[in-house]
Amino acid sequence: MHRAVLSSLLAALALLSGSSAWALYKVVGPDGRITYTDRPPSDRPAQAIRTNGATASTEGLPYELQRVVGRYPVSLFTGPKCPSCDAGRQLLKDRGVPFVEKTISTTDDVKAYTKQEATDQLPSVRIGQKQLLGYSQSDWTSYLDAAGYPAKSALPLNYRWPEPAPLAPPAESKPSAPAPGRNATPAPADSSAPPAGSSPAGIRF
């Protein structure tokens, strides 16, 4: 019964993430032809493709873990003062799952999150293209099992997870205005970030 459940989960993951694995290496042949593969060739040099921050880097990982990360990358979405977010993050780290974390802490983050993920619930996690809303240890574990992530950490001892980053890129800083005169009215404070200790408006934990 348990095997049947895992098989169905794996089938769902494969269907959602597409049939082809993510290319991890760029190979240039003798004729100059470029190909992409998820396995480093043994007969010629290959360039590891660096991620743009949307997925965790696979550089330095064991080959089998590289394959799993390439096929089913994990993205975690969290908010401030969120115990279930902390629990989900800890589960991924305890298991040795490479992941990127996107934080939802400003109104711009909330807008980007609801548009991209079509939900206002935190935490959420994507394993490949499978979206899991809210933290459930059993559900997260089942999908990680189905994706092929090792039950125990296989990460190198020197592995460091990427630092959490806001989902919405910070606005470009504007040129500084001339110093105000003695009678100038101070500019209103930026209210885009929520007060310390509060959750982003419009987000459910």
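Residues numbered from 1 in each chain as written. Predicted model: local features only at pLDDT ≥ 70, side-chain atom pairs only at ≥ 80, totals over all residues. Heavy atoms only, no water.

Things to note about unusual backbone geometry
The line we're drawing: Numbering of helices and strands starts at the N terminus; helices are DSSP runs of H or I of at least 4 residues and strands are runs of E of at least 2.
The residue after Leu-122, namely Pro-123, is reached through a cis peptide bond having omega -5°. The residue Pro-123 is located in the loop between α4 (107–117) and β6 (124–127) in this model. Non-glycine residue Lys-81 carries a positive phi angle of around 50°.

Let's talk about the side chain of Asp-109
Spelled out, the test is: Note on classification: 1.4 Å probe, protein chains only; a residue is buried when its accessible area is under 20% of the maximum for its type, exposed when over 50%, partly exposed between these limits. For the purpose of counting charges, residues Lys and Arg are taken to be positive, whereas Asp and Glu are taken to be negative. His and the chain ends are not included. We define a salt bridge as a side-chain nitrogen of Lys or Arg found within 4 Å of a carboxyl oxygen belonging to Asp or Glu.
Mapped onto the elements, Asp-109 comes out in helix α4. Within the buried set, Asp-109 has no salt-bridge partner at all; the shortest N-O distance to an opposite charge, 9.1 Å, is to Lys-102.

Remarks on the packing of helix α3 (residues 83–95) against helix α5 (residues 137–147)
The line we're drawing: To obtain each axis, a line is fitted to C-alpha atoms, and for helices this fit is confined to the stretch in contact; angles are then taken between N-to-C directions over 0 to 180 degrees. By convention the crossing between two helices is left-handed if the near helix lies anticlockwise of the far one by an angle smaller than a right angle, and right-handed if it lies clockwise. The contact criterion used is simple: two residues touch if any of their non-hydrogen atoms lie within 4.5 Å. Just so you know the grouping, Ala, Val, Leu, Ile, Met, Phe, Trp, Tyr, Cys and Pro go in nonpolar, Asp, Glu, Lys and Arg go in charged, and all remaining residues, Gly too, go in polar.
Direction vectors running N to C along α3 and α5 enclose 35°, while the axes themselves pass 11 Å from each other. Crossing geometry of α3 relative to α5 is assigned as right-handed. Each of Gly-88, Leu-91, Leu-92 and Arg-95 in α3 lies in contact with α5, whose residues at this interface are Gln-137, Trp-140, Thr-141, Leu-144 and Asp-145. For the contact of α3 with α5, the residue count by class is 4 nonpolar, 3 polar and 2 charged.

As for the confidence of the model for the protein
Low-pLDDT portions of the prediction should not be read for the details of their coordinates. The test is simple: Within a predicted model, pLDDT stands for the predictor's per-residue confidence, ranging from 0 to 100.
On average, residues of the protein score 77 in pLDDT, and 61% of them are at 70 or above. Across the protein, the secondary-structure element scoring lowest on mean pLDDT is helix α1 (residues 2–17), at 47, and the one scoring highest is α3, at 98. When the criterion is pLDDT under 50, residues 48–53 qualifies, and its contacts beyond four places in sequence or with other chains add up to 12 contacts.

Considering the sheet that holds β6
Using the following cut-off: Here, any two strands with at least 2 DSSP bridges between them count as paired.
The mixed open sheet is built from 5 strands, whose spatial order is β7-β6-β4-β5-β8. At either end of the open sheet lies a strand with only one pairing partner, and these are β7 (130–133) and β8 (165–166). Two elements, strand β4 (residues 74–78) and strand β5 (residues 99–103), share 5 bridges in a ladder whose sense is parallel. Across the sheet, Leu-76 pairs through a bridge with Glu-101, a residue of β5. Here α4 sits on the sheet in contact with β4, β5, β6, β7 and β8, set at roughly 135° to β4. Most of the contacts of α5 go to β6, to which it runs at about 15°, and overall it touches β4, β6 and β7.

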